[in-house]
Amino acid sequence: MKNIKKRYVFILILVGLLAIPIYKYVRWLNFYYRFSSEINLYTDSIFKEKKRIDSFVPTVFDANARLFYLCKVWGFIKYYREDARLSVSQMDSLLLANIPRVKRADSKDKYCAILDSLIEYPAISQSKNKNPYPDLNDYVLINNEWMDDTICLDYRIKKKLEAMFYSHSGRRNRFVFNKSIGNIALIDELEYASFPKRDMRLVGLFQYWNLINYFYVYKNSIEGDWDRILYESIPLFEKADLPKKYHLEIYRLTNRLRDTHASYPATIDGLVFGPYRPNFRMSLINDTFVINQIRIPAYDKGAFEIGDIVLKVDGRDIHQLADSLKEFVCGGNYWSDQMFICNAILSQYDSATVFTLLRDGETLRTKSDNYSAYDLFQKERLIDRNNEKLPLYHWVNDSIAYLNLRSASVDNIYDNYDAIKTASAIILDLRSYPYTDIISPLTKMFVPPNSFFAYSTYSDTRFPGMLRYHRSSSSKIGSENYYKGRIIILVNEWTRSFSEYLTMALQVNPRSITVGNSTSGSDGNVSLFTFPGKVLTAYSGIGIYYPDFSPTQRVGVRIDCIAEPSIQSIKDRIDVAYERAVIIAKGGTY
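The sections below set out a description of the structure shown in this document. The shown structure was predicted, so the numbers you read here are calculated from the model rather than taken from an experiment. (Residues numbered from 1 in each chain as written. Predicted model: local features only at pLDDT ≥ 70, side-chain atom pairs only at ≥ 80, totals over all residues. Heavy atoms only, no water.)

### Points about the overall build of the protein
What counts, and what does not: For the purposes of this entry, the term helix denotes a DSSP run of H or I that reaches at least four residues, the term strand denotes a run of E that reaches at least two, and both are numbered from the N terminus. Each radius of gyration is computed over the set of C-alpha atoms, and the globule rule expresses the reference value as 2.2 Å times the number of residues to the power 0.38. We call a residue buried when its accessible area falls under 20% of the maximum for its residue type, exposed when it is over 50%, and partly exposed in between, using a 1.4 Å probe and counting protein chains only. Every residue pair with non-hydrogen atoms within 4.5 Å of one another is taken to be in contact. Calculation of accessible area relied on Shrake-Rupley with a 1.4 Å probe; when residues are assessed, cover is drawn exclusively from the protein chains displayed.
Scanning the protein for helices and strands turns up 18 helices and 22 strands. Scaling as 2.2 N^0.38, a compact globule of 590 residues should have a C-alpha radius of gyration of about 25 Å, and the protein matches this with 27 Å. On the principal axes, the C-alpha backbone points of the protein span a range of 80 × 70 × 65 Å. Taking all 590 residues of the protein together, the buried fraction comes to 55%. Within the protein, counting contacts between residues at least 6 apart in sequence, those at least 24 apart form 77% of the total. Total accessible area on the protein stands at roughly 26400 Å², and carbon and sulfur atoms take up 53% of it.

### Thoughts on helix 4 (residues 108-120)
As a reminder, the rule being used: Given a helix with a known number of residues, its expected span is that number minus one, times 1.5 Å.
Here helix 4 spans 18 Å end to end across 13 residues, near enough to the 18 Å set by a 1.5 Å rise per residue. On its buried face, helix 4 sits against helix 2 (63-80), helix 3 (88-104) and helix 5 (155-166).

### What about the sheet that holds strand 1 (residues 45-46)?
This is how it is decided: By this definition, two strands are paired if DSSP reports at least two bridges between them.
The sheet built from four strands is open, its strands ordered 1-16-15-21 with antiparallel pairing. The open sheet is flanked by strand 1 and strand 21 (543-545), the only strands paired with a single partner. Bridging between strand 1 and strand 16 (residues 467-471) involves two bridges; their strand directions are antiparallel. What sits directly across from S45, in strand 16, is Y469.

### Thoughts on unusual backbone geometry
A cis geometry characterises the amide bond from Y121 onward to P122, with omega recorded as -20°. Topologically, P122 is positioned in the loop between helix 4 and helix 5. Despite not being glycine, N286 has its phi angle at roughly 50°, a positive value. Following the sequence through the fold, N286 ends up in the loop between strand 5 (280-285) and strand 6 (288-294). Overall, N286 belongs to the exposed group, its relative accessible area being 68%. Positive phi, close to 55°, is recorded for N450, a residue that is not glycine. As for its position among the elements, N450 is in the loop between helix 15 (439-446) and strand 15 (455-459). You can call N450 exposed: its relative accessible area is 62%.

### Let's talk about the nonpolar core
Convention followed: Note on terminology: a nonpolar core comprises buried Ala, Val, Leu, Ile, Met, Phe, Trp, Tyr and Cys residues joined through side-chain atoms within 4.5 Å.
The biggest cluster of nonpolar side chains holds 112 residues, and the ones touching the most others in it are L70, F206, F289 and I345. With 12 residues, the top contributor of residues to this core is helix 2. Within the second largest apolar cluster, 39 residues are counted, among which are I439, Y458, I477 and I542.

### What about helix 3?
Using the following cut-off: Consider a residue and the seven residues that end there alongside the seven that start there; fitting an axis to each set, the bend is the angle between those axes.
The end-to-end C-alpha separation of helix 3 is 25 Å, in line with the 24 Å expected for 17 residues at 1.5 Å each. Along its length, helix 3 shows its largest kink, about 30°, at N98, and proline P100 lies within four residues downstream of that point. Among all positions of helix 3, only V88, M91, D92, L94, L95, N98, I99 and V102 are buried. Packing partners of the buried residues in helix 3 comprise helix 2, helix 4 and helix 6 (198-215).

### Considering the packing of helix 3 against helix 4
The condition is simple: Here an axis means a line fitted to C-alpha atoms, over the contact stretch when the element is a helix, while the angle between two N-to-C directions is reported on a 0 to 180 degree scale. Note that the term roughly parallel is reserved for angles under 35 degrees, roughly antiparallel for angles over 145, roughly perpendicular for angles of 65 to 115, and oblique for everything else. When residue character is reported, Ala, Val, Leu, Ile, Met, Phe, Trp, Tyr, Cys and Pro are called nonpolar, Asp, Glu, Lys and Arg charged, and the others, Gly included, polar.
In contact at an axis separation of 10 Å, helix 3 and helix 4 are set at 170° when each is read in the N-to-C sense. It follows that helix 3 is roughly antiparallel to helix 4 by the angle criterion. Within the contact between the two elements, helix 3 uses L94, N98, R101 and V102 and helix 4 uses Y111, I114, S117 and L118. Residue classes in the contact of helix 3 with helix 4 are distributed as five nonpolar, two polar and one charged.

### A closer look at the packing of helix 2 against helix 4
Let me state the cut-off plainly: Crossing handedness is read from the near helix: turned anticlockwise from the far helix by less than a right angle, it gives a left-handed crossing, and turned clockwise, a right-handed one.
Contact geometry of helix 2 with helix 4 gives a least axis separation of 10 Å together with a crossing angle of 15°. On the basis of the axis angle, helix 2 is roughly parallel to helix 4. Crossing handedness for the pair helix 2 and helix 4: right-handed. Residues A65, R66, Y69, L70, V73, W74 and I77 of helix 2 touch helix 4, and the partners they reach there are Y111, L115, L118 and I119.

### Here we look at the side chain of T443
For the record, the criterion: Identification of polar contacts relies on pairs of N or O atoms within 3.5 Å, with a donor-acceptor requirement for protein atoms, meaning one able to donate a hydrogen and the other able to accept it, and with residues adjacent in sequence counted only if both atoms are side-chain atoms.
Position of T443 among the secondary structure elements: in helix 15. Residue classification places T443 among the buried residues on the basis of a relative accessible area of 2%. A polar contact is formed between the side chain of T443 and the backbone oxygen of I439, at a distance of 2.7 Å. Aside from chain neighbours lying at most four places away, what touches T443 is F35, I477, G478, S479 and A505.

### Considering the packing of aromatic side chains
Worth spelling out the cut-off: Here a pair means two rings of Phe, Tyr or Trp (six-membered ring of Trp) with centres within 6.5 Å. Their orientation is stacked below 30 degrees between planes, edge-to-face above 60, and tilted elsewhere. Geometrically, a lysine NZ or arginine CZ counts as sitting over a ring once it is within 6 Å of the ring centre and also within 35 degrees of the ring normal.
Enumeration over the complete set of coordinates arrives at 46 aromatic pairs. Note that R462 overlies the ring of Y42, its terminal NZ or CZ placed 4.6 Å from the centroid. Cation over ring: R558 sits above Y546, and NZ or CZ is 4.1 Å from the ring centre.

### Examining the pairing of strand 19 (residues 526-531)
Residues S527, F529 and F531 line the buried face of strand 19, whereas the alternating positions V526, L528 and T530 sit on a face that is not buried. Across six bridges, the pairing between strand 19 and strand 20 (residues 535-540) is antiparallel. Counterpart to S527 in the pairing with strand 20 is Y539. Hairpin connection, strand 19 to strand 20: the antiparallel pair is bridged by three residues, and G533 has positive phi, about 95°.

### Looking at the environment of Y539
Counting through the fold element by element, Y539 comes out in strand 20. Note on Y539: relative accessible area 2%, which makes it buried. Sequence spacing of Y539 and Y218 is 321 residues, and the spatial spacing of their C-alpha atoms is 9.7 Å.

### Re the sheet that holds strand 12 (residues 393-395)
In space, the six strands of this open sheet follow the order 12-13-14-17-18-22, with mixed pairing throughout. The strands lining the two open edges of the sheet, one partner per strand, are strand 12 and strand 22 (561-562). Both strand 12 and strand 13 (residues 400-404) contribute to a ladder of three bridges, which runs antiparallel. Paired with W395 across the strands is A401, a residue of strand 13. Against the sheet, helix 14 (residues 413-420) makes contact with strand 12, strand 13 and strand 14 (425-429), and its axis sits at roughly 5° relative to strand 12, the strand it touches most.

### Description of the pattern of salt bridges
Just so we agree on the cut-off: Counted as salt bridges are all cases of a side-chain nitrogen of Lys or Arg within 4 Å of a carboxyl oxygen of Asp or Glu.
Scanning the entire structure with this criterion turns up 33 salt bridges. In this structure, the salt-bridge partner of K534 is E191, at a minimum N-O distance of 3.9 Å. With a gap of 343 residues between them, K534 in the loop between strand 19 and strand 20 and E191 in the loop between strand 3 (184-186) and helix 6 connect regions that are remote in the sequence. For R468, the salt bridge is made with D460, and the minimal N-O distance between the two is 2.7 Å. Through salt bridges with shared partners, one network takes in D116, E120, D154, R156 and K160.

As structure tokens, then:
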């Protein structure tokens, strides 16, 4: 009898232990099924947009031009030649071995012989396959007219590369693949951990350049010719002979994408920007840097006040400092751009910094005790987690409620919503990055049934340079019992990536109004690339568009009522967007 009881107790304990992960798994499946519609490379339509016509070609047969075309030929071979014998290590080794050879090739004949041997390695008979998409207009990201160059290339090279393109059958790429929602991942990526020597730095540059050239969904939106950027970057990477210089050149390059996602790894690179931060944040308003937030109240010693204008950092003019950093961090638009610039300025190498401030017309020199960026971030996360246990809402008046989604989760959102669902208007504050799984309950609460709110674009790894598109979510979004009152969505530059996607979903509600300033402009999943020396970078892996194909990248979500902070509103601690939302909720115009 005792053994039977023990067995039942054991079974109950086992069921209890399994219930938690099963519950979480089911919850994740519900989120994935509704909001991560899988791609289909064979049926999804080709995405057409205005094709970028790159005009840059080197005009002199020099080492830089030869390296330029080595990069392009090597990348074309890597992604268009279908040879199961070629591995990542072989391709990298081929490139590394040929970099010094092309530098020494002092004649066009010698140079083309090197390229010819690269194309023919390992020797194989000509493929008899046919490219099912021979029209170059289908490849919106690439333009093969560079093969017509006569300064560095000859007709024989051109014909071999063209033959490779037209015989490309689209078998699965050996070097990259599409994840289930479209963004790409690298296959058998090699890790080069130590600080790379000169030629290995060029290998990293050439790897990254070709990855963006063939698979970056927003390549046509890059400001500047991607070919010219390669040509300009080659000597910079060659000269970057110290770790900090090398990291800076990487960020100078990734910054050319004007992709908000690309700046996130840079801002936590303590080697480049310093691992310490003061206990405040600031914004750039009309060419003025103003403190707008004290980060951790427990660390506050009263030395800095919200509304203080920052003039100098350790005696250096803040505008000069900003100008020296803006090549290495950026956002997709003004508001996300200033956020990264401010963060870079506040990143320090020392645990103490002297700031020169302007407060009420008086100039002050104030010392800051800095904290590690990681520590500040973790303290902020702890505050958010503690807030999960508190009410996330308050009543503005008897009929208007406010709900802050910063600490919202699947575990607390229902109780908070039930407490305010009788309101005639609800202000939803999305100026944060909440838990991603709240999109499912929020769309049930606020979105009509069977709603559609976004298309996704992705690169077809079988045919490098080709984009496809599909609905980014299933048709199961929303509920018959959705909230029928007015919803007012608050957004700003901290509304980024997932938060922007969630905002787009909530905007399907016919009574929604979006208020604030431009969001981050970084909608879409992230793809990663690691340069030699273990320097991690990121970029937007898929494109997100409204149903009419209006873009969100760099632009941000649609805003019905612009409400931007000013220096005076920050000083007076007035939340301009919130105040405007209250006026609208009371029936005011926007």
